[in-house]
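Single-letter residue listing:
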Amino acid sequence: MIQLNKNYSLPERLVEFIPIKIVSVGGAGLNALDRIVLDGLERADVVAINTDVQSLTSSVATRKVQLGRSVSRGLGAGGDPEVGYQAALESADEIREALADSRMIFICAGLGGGTGSGAAPYVAQAAREAGALVIAFVTLPFAFEGKRRNAQAREALARLSEFAHAVVCFENDRMGDLTAPQAGIHQAFAMGDISISQSVRSIVNLIQRPGLIRIGFDDLLSALRTRNSRCLFGYGESDSDNRAHDALTQALKNPLMDRGRMLADATHVLVQVAGGPGMTLSEVEILMQELGRHVSDQTQILFGAVVDGRLGDRLAVTIISSLSAEDEATLLQTPLMPSIASAASPVRERYQAAAHEPEVQSEELTVQVQPLEETIPFEEPVAAEAAPVTAPIPTEPPVIPTRNGEPEAAIRTPKEKPVPWKEEKAAAEKSATPAKQEVLQFEPATRGRFEKSEPTIIEGEDLDVPTYLRKHIKVK
Amino acid sequence: MVGLEIGTSKICVVVGESRPDGTLKILGVGQAPSRGVRKGEIVDFETAMKCLHEAVVDAEQKSDVMIKSVYVAVAGSHLQSFNNRGCVMLPEDRDEIDEQDVEDVKINAREVSIPAQNAFLHSVIQHYQVDGQQGVLNPVGMLGQKLEADFHIIHGVRTRIQNTIRCVKELPLDVEDVVFSGLASAQVVLTQHEKDLGALVIDMGGGTTDYVLYSEGAVRQSGCLAVGGDHITNDISMGLRLPMARAEKLKIEEGSCVLGNCLPGEMILLKDDSGFAGKEIERETLNTIIHLRLREAFELLKRRLEEEPYLGYLGAGIFITGGCSLLSGIDYLAAEIFEIPANLTHAQAAWGVTSAVENPQFSTAIGLVKFAQVMHTDRPPRGLSRFLKLFSGKR
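Everything quoted here is computed from the prediction, not taken from an experiment.

A. How the structure looks around the overall build of chain B. Tallying secondary structure elements over chain B gives 11 helices and 19 strands in all. Of all 395 residues assigned to chain B, the portion counted as buried reaches 49%. Excluding contacts between residues fewer than 6 apart, the proportion of contacts in chain B whose partners are at least 24 apart in sequence is 69%.

B. The arrangement of the pairing of strand S9 (residues 300-307) of chain A in detail. All names here are of chain A. Note that strand S8 (residues 268-275) and S9 share eight bridges and pair parallel. If you follow Gly275 over to S9, its bridge partner there is Val307. On the question of chirality, the crossover connecting S8 to the parallel S9 by way of helix H11 (residues 281-292) is right-handed.

C. The interface of chain A and chain B, seen in detail. Every contact between the two is made by 16 residues of chain A and, on the other side, 20 residues of chain B. Considered class by class, the residues forming the side of chain A that touches chain B number seven nonpolar, five polar and four charged.

D. A look at the sheet that holds strand S4 (residues 104-110) of chain A. Residues and elements named next belong to chain A. A sheet is described by the order of its strands in space; here six strands give the open sequence S3-S2-S1-S4-S5-S6, paired in parallel fashion. Only two strands of the sheet have a single neighbouring strand rather than two, namely strand S3 (63-66) and strand S6 (166-171). Pairwise comparison of adjacent strand axes, ignoring direction, gives a mean angle of 15 degrees for this sheet. On top of the sheet, helix H6 (residues 147-163) reaches strand S5 (133-140) and S6; it is set at about 170 degrees to S5, its chief contact.

E. Expanded view of the confidence of the model for chain B. All names here are of chain B. Per-residue confidence for chain B gives a mean pLDDT of 86; residues scoring 70 or more make up 95%. Strand S12 (residues 199-204) holds the highest mean pLDDT among the elements of chain B, 94, whereas strand S19 (residues 351-352) holds the lowest, 76. Note on residues 378-395: pLDDT under 50 across the span, and 22 contacts to partners over four residues away in sequence or across chains. Taken together, the chains of this predicted complex give a pTM of 0.51 and an interface ipTM of 0.76.

F. Examining the packing of helix H6 (residues 229-239) of chain B against helix H7 (residues 244-254) of chain B more closely. Residue and element names in this part refer to chain B. Two elements in contact, H6 and H7, have axes whose closest approach is 8 Å; the angle formed by their N-to-C orientations is 115 degrees. It follows that H6 is roughly perpendicular to H7 by the angle criterion. When the axes of H6 and H7 are compared, the crossing they make is right-handed. Touching Ile232, Thr233, Ile236 and Ser237 of H6 are Met244, Ala247, Glu248, Leu250 and Lys251, all from H7. Each residue belonging to the contact of H6 with H7 can be placed in one class, and the counts come to five nonpolar, two polar and two charged.

G. Broad picture of the sheet that holds strand S9 (residues 133-136) of chain B. Residue and element names in this part refer to chain B. Taken in spatial order, the four strands line up as S7-S10-S8-S9 in an open sheet, and their pairing is antiparallel. Sheet topology places strand S7 (80-89) and S9 at the edges, where each strand pairs with a single neighbour. Across the sheet, the axes of successive neighbouring strands diverge by a mean angle of 35 degrees, strand direction being ignored. When strand S8 (residues 118-130) meets strand S10 (residues 146-157), the two strands line up antiparallel, connected through 11 bridges. What sits directly across from Asn118, in S10, is Val157. On the sheet, helix H3 (residues 158-169) packs against S8 and S10 and is oriented at approximately 70 degrees with respect to S10.

H. Local environment of H11 of chain A. All names here are of chain A. End to end, H11 covers 16 Å across 12 residues, agreeing with the expected 16 Å (1.5 Å per residue, within 8%). Val284, Leu287 and Leu291 are the residues of H11 that are buried. In an axial view of H11, the angular spread of the buried residues amounts to 65 degrees, which keeps them on one side of the axis. Away from its buried face, by an angle of more than 90 degrees, H11 presents the exposed residues Leu281 and Gln289. Against the buried residues of H11 lie helix H10 (243-253), S8, S9 and strand S10 (315-322).

I. Fine view of the confidence of the model for chain A. All names here are of chain A. This prediction gives chain A a mean pLDDT of 67; 61% of its residues lie at or above 70. Overall, residues 10-14 carries pLDDT values under 50, and its contacts beyond four positions in sequence, including any with other chains, amount to three contacts. In the model, residues 325-443 has pLDDT below 50 throughout and makes 136 contacts with residues more than four positions away in sequence or in other chains.

J. Representation of the pairing of strand S2 (residues 45-50) of chain A in the model. All names here are of chain A. Extensive coverage of S2 is indicated by the burial of five of its six residues. Pairing of S2 with S3, which is carried by four bridges, proceeds in the parallel orientation. Bridge pairing links Val47 to Arg63 in S3.

K. Main features of helix H4 (residues 181-189) of chain B. Where burial is concerned, most of H4 of chain B is hidden: nine out of the nine residues are buried. For H4 of chain B, the full list of buried residues reads Ser181, Gly182, Leu183, Ala184, Ser185, Ala186, Gln187, Val188 and Val189 of chain B.

Cut-offs applied
Residues numbered from 1 in each chain as written. Chains lettered and ligands numbered in written order. Predicted model: local features only at pLDDT ≥ 70, side-chain atom pairs only at ≥ 80, totals over all residues. Helix = DSSP H or I, 4+ residues; strand = E, 2+ residues; numbered from the N terminus. Buried ≥ 20, exposed ≤ 12 C-beta atoms within 10 Å, placed from the backbone. Contact = placed C-beta atoms within 7 Å. Pairing = 2+ DSSP bridges. Right-handed = clockwise from strand over helix to strand, strands pointing away. Nonpolar A, V, L, I, M, F, W, Y, C, P; charged D, E, K, R; others polar. Axes fitted to C-alpha atoms, helices over the stretch in contact; angles between N-to-C directions. pLDDT = per-residue confidence, 0-100. Parallel < 35°, antiparallel > 145°, perpendicular 65-115°, else oblique. Left-handed = near helix turned anticlockwise from the far one by under 90°. Expected span 1.5 Å × (residues − 1). Arc of directions from axis to C-beta.

This is the structure in structure tokens:
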């Protein structure tokens, strides 16, 4: 047996990090952001956006944007989404500046209030125009907060989902289920923040961690690609003896997953398994087999595996999927999209225009590019193949400013930088690198009490060696 | 009549007598734990002899019989089998088949090349054909010109078979005959009716798994796989890091090969003992180890048996005997893998010491006595396989 020297290491490669920004909007968003920062997050910038100066100053975010200096004068939006929207409009340039130069933007907001409901959709729009992949993490208010507040939240959610590539929605009511009935109210509220924090971190890790089997933007997109962009999300972590099983159970326990029942209808499920160097193939096998029981045969499973020394003994599972439109409708009971689309906002009109072109609508990612800045359009190979319509129009990047100085929706840049290829290559390199680690150590064949007897070799296998060793099935 | 089996886990001597009505009565069973035997074959001559002596003394005391000669069972992975057809033409001036012709056809059937160091152990008649007429059971006295016979031939390495014989003769006891242990088990486990319907006997002992497949009353396939209960114990011992004796005890007391049948996290507490600090182990882990080993053994067996088409014609099903058949769930596992109903069974065609007869561990030894009875009786029951004495010349 050839054993790799433990000290042997490959020359360090420059790993290309994808610039990621985490943006919080409103008071609830700030809380979530603080939690994310406190839980520890690397390789991502955090931006806090709020109307309320007081809460902004206490935030731990490195970059802060105050909205509506004249509209709200440093106070909150007073629970009125219109005030929040106007404040965002006033500070549009600052927002854009803060969002520039990132390829992936996470927006955290609590919907139902003024700033979160009013400004978050606008921030999402700006983020999208900056050419980034936008994923929004929002909380919906408790039922006891009143019908008005809930209605505001629903409306904001619908608007947000127009701009964001995906919306991960946490209902506070369901968060309550996660905490024990005797737990203090702060714990119940913290639960929402913790969930958001976990989701953001796991997606960031998903993208940034060099994987054995890498999950890229393309995988994430196909997992999230639905008309309504409502997202199923689960994250679990365990370091117990039976960690594969426990981590998956925990991931499925996430209120967004409904114990895996909702997975049955999903067409794409993205799964990433991350673990320390001790993670074994059989653990991954067990986990994927168990997960397989929750999804249908037609479901495409996008699988990623990552070895990350920082995880130590823990094994983490991230499951991301999206509901198809019909399930979404039954879930929300009220079809939000059509009812809101009639509202007269310049932004929405633009979107309705885009909705007339089905291909464009389905490939939202490639639709929006901001030509004002030199942003690299991150057209992933999969996305490009899926929409061959994007190939023609070999003209210069056309800039047709509209009222807000934004480009027309249906226009894209044909300028294709070799980013996808580079990324693919990088992915291949990355997957090659960890494969050389001593992750799965080859166990020397042991025959126990049959050590000195004549070996029984049938069909090329030494039957004296325990079956579970030969089949690499972990029994303990 | 005495049957002697030198097994991997125990040596067992069964004393029986044939009743005038043709039944078999077991007078006594002597046994001793076996040492110096691996996978059905003796590896430590001295130790094995001591154990053998203990077992014989035990049997003599229990049955109050002086043992002089025994039938000995042999097993081991070196045993192989095949089917072959022999053919003789009668001389021009004679057209009635006599017993000499039947002997001749048997010798003719053996005229095949087997490895030089191998010797024939059994030639079991399947069917005769007279002038192309199929399915003749006893051709003596029939008229015909051409006699053909299909035989199932079992052979093995001569020296290895002789090792067993020598060990017994050193005791000293006379060896009347050596019999393949799987064949011996099948004699008492199956009824004639089941043999006719088609049945597979799996005798899973300590060191080996012997199998015999019957179809239309005749042996079609047989063999020996050198995997047995010892392997399960070894797997448990290595997987759970237990001493061998503990692992054996755990297997017998708690082992099962059914998966998913226990509560998640159900633990088994092993009490501490001298030289062994107590330990808690998960039941599912134990069962998984057993399950994987047995599944592999059965799958291997299935692949071997599928080389010929008989597996699809088992009307009576699978009969599992031997020490391993005491493992709970083994019949379900076998039924699942072979997709044929499987039964647990023990010696049927005998009476006497009930506890012995009903213990599947003694199937082979009782089968030897049954075999002896058949050999001694002048008129062997119709269809029961007749064997050729083999080693008389060499002893």
